[in-house]
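# Residue-level structural notes
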Amino acid sequence: QVQLVESGGGLVQPGGSLRLSCAASGSIFTYDMGWYRQAPGKQRELVAEITSASTGSIITYAGSAQGRFAISRDNAKNTVYLQMNSLKPEDTAIYYCSLLSVSGTRSWGRGTQVTVSS
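Residues numbered from 1 in each chain as written. Predicted model: local features only at pLDDT ≥ 70, side-chain atom pairs only at ≥ 80, totals over all residues. Heavy atoms only, no water.

### Observations concerning the pairing of strand E5 (residues 45-50)
In the case of a regular strand, side chains alternate between the two sheet surfaces. Relative to E5, strand E4 (residues 32-38) runs antiparallel, the two being bridged by 5 bridges. From the neighbouring strand, Met33 faces E5, where its bridge partner is Ile50. Between E4 and the antiparallel strand that follows it, E5, lie 6 residues; Gly41 among them carries a positive phi value of about 75°. (Pairing = 2+ DSSP bridges. Helix = DSSP H or I, 4+ residues; strand = E, 2+ residues; numbered from the N terminus.)

Encoded structure:
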């Protein structure tokens, strides 16, 4: 189905900002989209999600992301973004883009590494 490709990760100092992008190979209008992350030795966790455009693009954030991160979607560009501000070392992880199809199947990108370090 739809292929997801993340970009925008890299090395940033504490307090810095990054914007991650998730480019989809097709329309994402009908899909719930999300950003997840997985740090070494930890389970993959939800960072932020945004429901399909048809259901109102409702946004949910993890507590750790609330007030610092912002998820958005550009359906015309088939792209989802994650703006990350005030980054902390504990934000270091591989960040994955996720798509939830109408049938209930979840798809993933390959991930992009975010490292927050001095």
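### A word on the side chain of Ser52
Relative to the elements of secondary structure, Ser52 occurs in the loop between E5 and strand E6 (59-61). Taking relative accessible area as the criterion, Ser52 reaches 2% and is therefore assigned buried. There is a polar contact of 3.1 Å between the side chain of Ser52 and the side chain of Ser54. In this structure Ser52 touches Phe29, Thr30, Tyr31, Asp32, Ser57 and Arg73, once residues within four positions along its chain are discounted. (Buried < 20%, exposed > 50% of the residue type's maximum accessible area, 1.4 Å probe, protein only. Polar contact = N/O pair within 3.5 Å; in protein donor to acceptor, adjacent residues only side chain to side chain. Contact = heavy atoms within 4.5 Å.)

### Overview of the state of the cysteines
Evaluation of the coordinates by the stated rule reveals 1 disulfide. Note that Cys22 is cross-linked by a disulfide to Cys97, the S-S spacing being 2.0 Å. As the torsion about the S-S bond is roughly -80°, the Cys22-Cys97 disulfide counts as left-handed. On the criterion of sequence distance, the pair formed by Cys22 in strand E3 (residues 18-24) and Cys97 in strand E9 (residues 93-100) is long-range, its members being 75 residues apart. Across this residue pair, the class does not change: Cys22 and Cys97 are buried. (Disulfide = S-S within 2.5 Å.)

### With respect to the nonpolar core
Of all hydrophobic cores here, the largest spans 28 residues; its most connected members are Met33, Trp35, Leu82, Met84 and Tyr95. Secondary structure elements with two or more residues in this core: E3, E4, E5, strand E7 (69-74), strand E8 (79-84), E9 and strand E11 (112-116). Ignoring anything within four residues of it in the chain, the contact list for Met33 reads Leu4, Ile28, Glu49, Ile50, Ile71, Arg73, Val80, Cys97, Ser98 and Leu99. (Core = buried A, V, L, I, M, F, W, Y, C linked by side-chain atoms within 4.5 Å.)

### What about the packing of aromatic side chains?
Taken as a whole, this structure holds 2 aromatic pairs when the rule is applied. Ring centres 6.5 Å apart and planes at 85° place the aromatic pair Tyr96 and Trp108 in the edge-to-face group. With Tyr96 in strand E9 and Trp108 in strand E10 (residues 106-108), this residue pair connects regions lying 12 residues apart in the sequence. Taking relative accessible area as the criterion, Tyr96 reaches 10% and is therefore assigned buried. (Phe/Tyr/Trp six-rings, centres within 6.5 Å; stacked < 30°, edge-to-face > 60°.)

### Quick notes on unusual backbone geometry
Residues other than glycine seldom take positive phi values, yet Ser57 does so here, at roughly 55°. With respect to the helices and strands, Ser57 occurs in the loop between E5 and E6. The phi dihedral of Ser86 falls on the positive side, at around 50°, and the residue is not glycine. For Ser86, the position within the fold is in the loop between E8 and E9. Residue class for Ser86 comes out partly exposed when judged on its relative accessible area of 41%.

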